[in-house]
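Read off the chains here:
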Amino acid sequence: MTRASRMHHQGGTTLLEVLISIVVLAFGLLGLGSLQIGLQHTYVEAQQRSQAVQIMRDIGERLNANPALAANYVTGTAAPVGVGDGRGGNCDAAGLTPDQRDLCEWSQRLKGVAEQQGSQDLGAMIGARGCIEQVQPQDPTPGVCQPGIYRVSVAWQGVRDSAPPDTRLACGADLYGSESLRRVFASTVVVGTLSCSL
């Protein structure tokens, strides 16, 4: 084999091969980018769910700690506590009853007052609201001794569409643009009667 023929068979990378490699690499990087965005949305949703559970448990414990005032905690679903409720100011003000103080502090937590950046509240879910509904009233009548049953709900706006929540959970309904963005966690709290004889 002559030197000239050997040189003819040796080849380098052609421009076409380089372009194909760049296109394949670009698609791989785009896929990685969309995966990263999806993971970020999943992380934010999980963090919001965790916060909602903590805030919901907090008011449930406060409700159970004041059984004589349990009916005063009821907000219904038409006037939820939290973003846009008009509550604010000092929750330790003189003259507030325990239930008023608890609802004020709950509103502050739902608004994210616990964590701030500058003057912006960041410590809660997006547009967080809370509702307390009375499912069954307490009846301490001797021989009846019926405990009070309350539904505590926390609603907020998710970061991407998902299946709409159960229509029985009305807390925050129609407040987030689309029902597929509304997230709701609810829990039932049973409050016993203080003194009751069967």
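Enquirer: So what's going on with helix α3 (residues 98-111)? Residues and values would help.
Expert: Over its 14 residues, α3 extends 20 Å from the first C-alpha to the last, a length consistent with the 20 Å expected when each residue adds 1.5 Å. Among all positions of α3, only Asp99, Asp102, Leu103, Cys104, Trp106, Ser107, Gln108 and Leu110 are buried. For α3, the elements touching its buried residues are α2 (15-65), β1 (81-82), β4 (129-136) and β5 (148-157). Downstream of α3 by one or two residues, glycine 112 has phi in the positive range, about 85°.

Enquirer: Could you give me a rundown of the pattern of salt bridges, with the residues and numbers involved?
Expert: As enumerated under the stated definition, the model contains nine salt bridges in all. Between arginine 183 and glutamate 45 there is a salt bridge whose closest N-O contact spans 3.0 Å. Here arginine 183, found in strand β6 (residues 182-191), pairs with glutamate 45, found in helix α2; they are 138 residues apart in sequence, far enough to count as distant. Between aspartate 166 and arginine 168 there is a salt bridge, and its shortest N-O distance comes to 2.5 Å. Look at the salt bridges and you will find they share partners, linking Asp58, Arg62, Asp102, Glu105 and Arg109 into a network.

Enquirer: Outline the state of the cysteines, listing residues and values.
Expert: Two cysteines whose sulfur atoms are joined by a covalent bond form what is called a disulfide. On inspection of all chains with the given rule, the structure shows two disulfides. Here cysteine 131 engages in a disulfide with cysteine 171; their sulfurs sit 2.1 Å apart. Across the disulfide from cysteine 131 to cysteine 171, rotation about the S-S bond amounts to roughly 80°, and the bridge is consequently right-handed. With cysteine 131 in strand β4 and cysteine 171 in the loop between β5 and β6, this pair connects stretches of sequence that are 40 residues apart. Residues cysteine 131 and cysteine 171 agree in their burial class; the two are buried.

Enquirer: Can you explain unusual backbone geometry? Please cite residues and give values.
Expert: Backbone geometry follows two general trends: most residues other than glycine have a negative phi, and most peptide bonds adopt the trans configuration. Of note in the backbone geometry, cysteine 145 takes a positive phi value of approximately 45° without being a glycine. Take cysteine 145: it is sitting in the loop between β4 and β5. The backbone phi angle of aspartate 174 is positive, close to 65°, even though this residue is not glycine.

Enquirer: I'd love a proper account of a nonpolar patch on the surface, names of residues and values included.
Expert: Together, Leu15, Val18, Leu19 and Ile22 line one region of the surface with nonpolar side chains, adding up to about 390 Å² of accessible area. Structurally, the position occupied by leucine 15 is in helix α2. For leucine 15, a relative accessible area of 65% translates into the label exposed.

Enquirer: Can you lay out the sheet that holds β5 for me, pointing to particular residues and giving the numbers?
Expert: Strands belonging to one sheet form pairs held by backbone hydrogen bonds; the direction of such a pair is parallel or antiparallel. Read across the open sheet, the four strands follow the order β1-β4-β5-β6; overall the sheet is antiparallel. A single partner strand is all that each edge strand has here, and the edge strands are β1 and β6. Direction of pairing for β4 relative to β5: antiparallel, over a ladder of seven bridges. Note that in β5 the partner of glycine 130 across the bridge is valine 154.

Enquirer: Which residues make up the pairing of β5, and what values go with them?
Expert: Burial analysis of β5 places eight of its 10 residues in the buried class, the great majority of the element. Bridging between β5 and β6 involves 10 bridges; their strand directions are antiparallel. Its bridge partner being in β6, glutamine 157 is matched across the sheet by arginine 182.

Parameters at a glance
- Every chain is numbered independently, its residues counted from 1 as its sequence is written.
- Local features in this predicted model are restricted to residues whose pLDDT is 70 or higher, and side-chain atom pairs enter the listing and the counts only when it is 80 or higher, whereas totals over whole chains, interfaces and linings include all residues.
- Calculation of side-chain values draws on the structure's entire complement of heavy atoms; hydrogens and water are dropped beforehand.
- A run of H or I in DSSP becomes a helix once it reaches four residues, and a run of E becomes a strand once it reaches two; helices and strands are each numbered from the N terminus.
- A helix is expected to span 1.5 Å multiplied by its residue count minus one.
- Categorising residues by exposure relies on relative accessible area from a 1.4 Å probe, with only protein chains included: less than 20% of the type maximum marks a residue as buried, more than 50% marks it as exposed, and the intermediate range marks it as partly exposed.
- Whether two residues touch is decided by their heavy atoms; if any such pair falls within 4.5 Å, the residues are in contact.
- We define a salt bridge as a contact between a side-chain nitrogen of Lys or Arg and a carboxyl oxygen of Asp or Glu at a distance within 4 Å.
- The disulfide criterion used throughout: a pair of cysteine sulfur atoms within 2.5 Å.
- Two distance rules govern patches: like charges are joined within 9 Å, and nonpolar side chains (Val, Leu, Ile, Met, Phe, Trp, Tyr) within 5 Å, applied only to residues with over 30% relative accessible area and no salt bridge.
- Each accessible area is a Shrake-Rupley result for a 1.4 Å probe, and residues are judged covered by the shown protein chains and nothing else.
- A pair of strands is labelled paired if DSSP reports no fewer than 2 bridges between them.

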